[in-house]
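Breakdown of the fold
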Amino acid sequence: TQLLEQSPQFLSIQEGENLTVYCNSSSVFSSLQWYRQEPGEGPVLLVTVVTGGEVKKLKRLTFQFGDARKDSSLHITAAQPGDTGLYLCAGGASGGSNYKLTFGKGTLLTVNP
Amino acid sequence: GAGVSQSPSNKVTEKGKDVELRCDPISGHTALYWYRQSLGQGLEFLIYFQGNSAPDKSGLPSDRFSAERTGGSVSTLTIQRTQQEDSAVYLCASSLGTGPGANVLTFGAGSRLTVL
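Read on for a plain summary of the structure. (Residues numbered from 1 in each chain as written. Chains lettered and ligands numbered in written order. Predicted model: local features only at pLDDT ≥ 70, side-chain atom pairs only at ≥ 80, totals over all residues. Heavy atoms only, no water.)

Attention now moves to the interface of chain B and chain A. Contact with chain B, which involves 22 residues of that partner, is made by 21 residues of chain A. Here chain B and chain A share an interface that buries about 1700 Å² over both sides, 56% of which is from carbon and sulfur atoms. Our enumeration of links across chain B and chain A arrives at 1 salt bridge. Notably, a salt bridge pairs K100 of chain A with D56 of chain B, separated by 3.5 Å at the nearest N-O pair. On the surface where chain B and chain A come into contact, there are 5 residue pairs in polar contact (both at pLDDT 80 or more). Mapped by element, the contributors of at least two residues to the side of chain B that touches chain A are β4 (31–37) and β5 (43–50) of chain B. Of the residues belonging to the side of chain B that touches chain A, the class tally is 11 nonpolar, 10 polar and 1 charged. (Contact = heavy atoms within 4.5 Å. Buried area = accessible area lost by both parts, 1.4 Å probe. Salt bridge = Lys/Arg side-chain N within 4 Å of Asp/Glu carboxyl O. Polar contact = N/O pair within 3.5 Å; in protein donor to acceptor, adjacent residues only side chain to side chain. Helix = DSSP H or I, 4+ residues; strand = E, 2+ residues; numbered from the N terminus. Nonpolar A, V, L, I, M, F, W, Y, C, P; charged D, E, K, R; others polar.)

Right under this line is the structure:
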């Protein structure tokens with residue numbers, strides 16, 4: 001069974017601060033996705049990384065996939081209140097079941113104005 | 001439609017009753033997924049449909065759970081003889097393709113099930 005550990009579980013910061021969320025596993029994933037979920041809504045895909053060592057930037061968000069494809073991080077620069085939400089990482093299984101995503105439990109981020 | 005539509009958005013039922021949850025995926029999306037999100041837990045894979053292929057039911061927690069997809073579009077998740085531990089948000093997602101980097105999932109808003 002593949003597991004993804006996310007840390008921290010909760011994060012409350014002030015507007016303008018930087019933060020990093022981590023997603024770790026002992027398993028290798030074919031891809032790694034990051035989602036943001038707001039209350040009463042489904043998760044919304046932010047990014048997909050597929051290559052070990054890959055770095056992707058989305059405005060103030062930087063995503064990195066570990067060289068061994070077992071871990072990932074999400075860094076937010078100068079956080080805004082609009083960044084508040086539940087951030088979920090999800091790893092795609094290897095082989096023929098790569099459609100099956102394993103999700104972490106999430107990091108609940110609160111950005112205070 | 002423009003997005004994945006799920007109904008009902010909220011369902012409160014009594015223990016032992018059957019419930020049906022419906023998902024209307026994005027038109028043209030051949031892949032459809034059901035996930036369950038319990039309080040404090042990550043999303044748990046339940047079932048996957050792709051075109052006319054046999055579904056992957058490996059995530060269904062018990063034989064009380066079943067799902068079908070009619071005409072390659074709308075899907076229904078049925079839970080028989082509901083138990084309190086079935087209380088959760090049931091999320092449906094669809095995607096145009098699958099595979100590393102290609103399974104861009106669009107989720108619906110979910111159906112929140114409460115079993116009393």
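Residue and element names in this part refer to chain B. Spatially, 4 strands are ordered β1-β3-β7-β6 in an open sheet, and the strand pairing comes out antiparallel. Every other strand in the sheet has two partners, leaving β1 (5–7) and β6 (65–69) as the edge strands with one partner each. If you compare each strand with its neighbour and ignore which way they point, the axes differ by 15° on average. Inspection of the sheet shows β6 paired to strand β7 (residues 75–79) by 5 bridges, in the antiparallel sense. When the sheet's bridge partners are listed, E68 is paired in β7 with T76. (Pairing = 2+ DSSP bridges. Axes fitted to C-alpha atoms, helices over the stretch in contact; angles between N-to-C directions.)

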